[in-house]
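# Summary of structural features
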Amino acid sequence: MKKNLKQSIFAIVAALIWGLAFVAQSSCANIIDVFTFNFIRDIIAAIFLFIVILILKIYHKKKKIEEVPINYKKLIIGGVCCGILLFTASCLQQYGIKETQAGKAGFLTSLYIVIVPILGLIFKKRVGINVWISVLISLFGLYFLCIDSEFNISLYDSMIILCAFIFSAHILSIDYFSKGINSIYLSFVQFVVGSIIAGILMLIFEKPNINIIIECIIPLLYVGIMSSGVAFTLQILAQKDSNPTVISLLLSLESVFSVIGGLIILGDNLSLKEYIGCIFMLIAVVLAQIPIKYKRKKQQI
């Protein structure tokens, strides 16, 4: 199998896993408390990634592959920053999905693909006209998805839109701190940080119930292992030495899979207005990924 085809398959499978994660989260959103959910999710993800790290160490030792020295200071600072952002975004998303269908939540979360390049302006990263057009199209999508006849937007939809902004900041933080650091190590630390924060808040504000946790164990295992562990690894494999635009487009299919999964598994059925909103959002997401080449102005002598 050709390398490019393998990477495309990795990206599509990651998108499928993330899309179905919205279904898993939605299935127990009204059963288990938000902090408890994220605490267990992050613990499972951290354990999974720790096992992956051990396996890789054994493999490298067996193959006599020299590992790159770890910059622990940058790893800890990056892990804490990324962990706080990921925890905040995940809690907002889990709270919002209580009263928002899985497919709709998937498309609202996918706004991060439009938001990321705009926030990149802070770091003086140039933004093409396609992104500004995407922003305009996404506003139409938000209107059809979220705004009712009285021009109100629900609290739950607002939480998911806010989580898209936090996820955008998280992606930029990953991009900043991952340079020169093993991505799996960084992901492991951020999940440890997230589990510590969620665990503390869980003990203060919630009353964990073992029976409820057991009732939600399948969705928890799915989002912990598959969504956080497997899909993250597949994303790394897909992006390695590949065309970032193509891979980003394939990963953005998670919003489509979230609608299909919600329809088939949960029996969710969006209204015609909401489906139109999904189409607008998908167009905005795809358009935002199209690379624009800038012609450098010739210097005048």
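Worth saying up front: this structure is predicted, and the values here are computed from it rather than measured. (Residues numbered from 1 in each chain as written. Predicted model: local features only at pLDDT ≥ 70, side-chain atom pairs only at ≥ 80, totals over all residues. Heavy atoms only, no water.)

### Considering empty space enclosed by the protein
Inclusion rule: A 1.4 Å probe that fits into a set of points on a 1 Å grid over the protein atoms alone but cannot get out defines a cavity; an open set with protein on both sides within 12 Å along at least five of seven lines defines a pocket, and lining residues are those with an atom within 4 Å of a point. Grid points are joined across faces, edges and corners, and a volume is the space filled by probe spheres set on the points. Secondary structure follows DSSP: runs of H or I at least 4 residues long count as helices, runs of E at least 2 residues long count as strands, and numbering of each begins at the N terminus. Note on residue classes: Ala, Val, Leu, Ile, Met, Phe, Trp, Tyr, Cys and Pro are nonpolar, Asp, Glu, Lys and Arg are charged, and everything else, Gly too, is polar.
The tally for this structure, following the rule as stated, stands at two cavities of 30 Å³ or more. Approximately 40 Å³ is the volume found for the largest cavity. Of the residues forming the lining of the largest cavity, the biggest block, three residues, is contributed by helix 12 (residues 254-266). Among the residues forming the lining of the largest cavity, the class breakdown is four nonpolar, four polar and one charged. Space inside the second largest cavity adds up to approximately 30 Å³. Residue lining of the second largest cavity: Asn38, Asp42, Leu86, Phe87 and Ser90, and that is the complete set. Residue assignment for the lining of the second largest cavity shows that the elements contributing at least two residues are helix 2 (34-62) and helix 3 (72-96).

### Description of the pattern of salt bridges
Any two side chains of opposite charge can pair, given that their charged atoms come close. Rule in force here: For this analysis, a salt bridge means a side-chain nitrogen from Lys or Arg found within 4 Å of a carboxyl oxygen belonging to Asp or Glu. Relative accessibility under 20% of the residue-type maximum defines a buried residue, over 50% an exposed one, and the middle range a partly exposed one, all with a 1.4 Å probe and only protein chains included.
With the rule as written, the count across this model stands at two salt bridges. As a salt-bridge pair, Lys104 and Asp157 come within 3.0 Å of each other at their nearest N and O atoms. In this pair, Lys104 is assigned in helix 4 (residues 102-109) and Asp157 in helix 7 (residues 155-177), connecting sequence segments 53 residues apart. The exposure class assigned to Lys104 is buried, which follows from its relative accessible area of 9%. By relative accessible area, which is 3% here, Asp157 ends up buried. One salt bridge in this structure joins Glu274 and Lys104, with 3.5 Å as the shortest N-O distance. Separated by 170 residues along the polypeptide, Glu274 in helix 13 (residues 272-288) and Lys104 in helix 4 bring together distant segments of the chain.

### Here we look at helix 12
Residues of helix 12 that are buried include every one of Glu254, Ser255, Phe257, Ser258, Val259, Gly261 and Gly262, and no others. Phi for Gly267, located one or two positions after helix 12, is positive at around 75°.

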